[in-house]
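Chain by chain, the residues:
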Amino acid sequence: ILYERNYYDIFMLDLEGNLIYSVYKELDYATNFAANGTIDENGQVHYGEWKDSGLGEAFEAAVRNPDIINVIDWKPYGPSYGALASFLSTGIKQYGKLVGVFCTQMP
């Protein structure tokens with residue numbers, strides 16, 4: 001699908017905002033994109049370095065509107081070395097329940 005649709009990358013995120021799959025595994029791989037961060041076992045809040053990026057916006061948009069394709073406009077994306085990127089995102093559901101986010105990065 002990556003090559004067929006000419007996407008730059010494909011991502012899957014869990015509902016906590018953790019990037020759990022990426023084709024190219026750039027600087028954003030295995031980081032968190034939730035705007036409100038994650039809380040560790042000691043109650044500390046940790047914010048992902050790229051939470052305010054286009055992928056962060058795409059994640060938040062898909063969680064809010066999981067039944068549509070959310071479009072995030074072009075802007076520089078740090079993990080891709082500042083290259084302009086746009087993102088498409090939507091919710092992943094299992095038996096009608098939101099379980100994650102599917103996102104593509106446009107070149």
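Refer to the structure printed above.
Residues numbered from 1 in each chain as written. Predicted model: local features only at pLDDT ≥ 70, side-chain atom pairs only at ≥ 80, totals over all residues. Heavy atoms only, no water.

> Run through the overall build of the protein chain, naming residues and quoting values.
Helices and strands together make up the secondary structure of the protein chain, namely 1 helix and 7 strands. Relative to the 2.2 N^0.38 estimate, which gives 13 Å for 107 residues, the radius of gyration of the protein chain is 13 Å and therefore close to what a compact globule would have. Over its C-alpha atoms, taken along the principal directions, the protein chain stretches across nearly 45 × 35 × 20 Å. Taking all 107 residues of the protein chain together, the buried fraction comes to 40%. Accessible surface, the protein chain: about 6300 Å² in total, of which carbon and sulfur atoms supply 54%. Counting 7 positive and 14 negative side-chain charges, the protein chain places the centres of these two groups 6 Å from one another. (Helix = DSSP H or I, 4+ residues; strand = E, 2+ residues; numbered from the N terminus. Rg over C-alpha atoms; globule rule 2.2 N^0.38 Å. Buried < 20%, exposed > 50% of the residue type's maximum accessible area, 1.4 Å probe, protein only. Areas by Shrake-Rupley, 256 points an atom, 1.4 Å probe, with all protein chains shown as cover. Lys, Arg positive; Asp, Glu negative; His and termini not counted. Charge placed at Lys NZ, Arg CZ, Asp CG, Glu CD.)

> Got a sec to walk through the pairing of strand β1 (residues 9–13)? Specific residues and values, please.
Of all 5 residues in β1, 4 are buried, a share of seventy percent or more. In this sheet, strand β7 (residues 97–106) lies alongside β1 in antiparallel orientation, the contact comprising 5 bridges. Residue pairing in the sheet places M12 in a bridge with F102 of β7. In textbook terms, the turn of a hairpin is the stretch between consecutive antiparallel strands, and for β1 and strand β2 (residues 19–22) this stretch comprises 5 residues, one of which, G17, has a positive phi near 95 degrees. (Pairing = 2+ DSSP bridges.)

> Explain the pattern of salt bridges to me, and be specific about the residues and the numbers.
Under the criterion given, the structure shown has 3 salt bridges. The partner of K51 in a salt bridge is D52, with the nearest N and O atoms 3.2 Å apart. A relative accessible area of 57% means that D52 is categorised as exposed. (Salt bridge = Lys/Arg side-chain N within 4 Å of Asp/Glu carboxyl O.)

> Help me get a handle on the environment of A85, residues and values and all.
For A85, the position within the fold is in strand β6 (residues 83–94). Classification of A85 as buried rests on a relative accessible area of 1%. When the C-alpha positions of A85 and I1 are compared, they lie 18 Å apart, and in sequence the two are 84 residues distant. With sequence-adjacent residues up to four places away left out, A85 is seen in contact with D73, W74, K75, Y77, Q105 and M106. (Contact = heavy atoms within 4.5 Å.)

> Describe in detail the sheet that holds β7, supporting the description with residues and values.
Spatially, 5 strands are ordered β2-β1-β7-β6-β5 in an open sheet, and the strand pairing comes out antiparallel. In this open sheet, the two edge strands, each paired with only one partner strand, are β2 and β5 (70–77). Direction aside, neighbouring strands of the sheet carry axes that sit 25 degrees apart on average. By the bridge criterion, 3 bridges tie β1 to β2 in an arrangement that is antiparallel. Residue pairing in the sheet places L13 in a bridge with L19 of β2. Its contacts with the sheet put helix α1 (residues 54–64) on β1, β2, β5, β6 and β7, and the angle it makes with β5 is roughly 165 degrees. (Axes fitted to C-alpha atoms, helices over the stretch in contact; angles between N-to-C directions.)

> Run through the nonpolar core, naming residues and quoting values.
Counting 17 residues, the largest nonpolar core has F11, L13, F33, L55, F87 and C103 as the members making the most contacts within it. Of all the secondary structure elements, the ones that give two or more residues to this core are β1, α1, β5, β6 and β7. In terms of residue count, the dominant contributor to this core is α1 (5 residues). What L13 contacts, discounting residues up to four positions off in sequence, is N18, L19, I20, F33, L55, F59, G100, V101 and C103. (Core = buried A, V, L, I, M, F, W, Y, C linked by side-chain atoms within 4.5 Å.)

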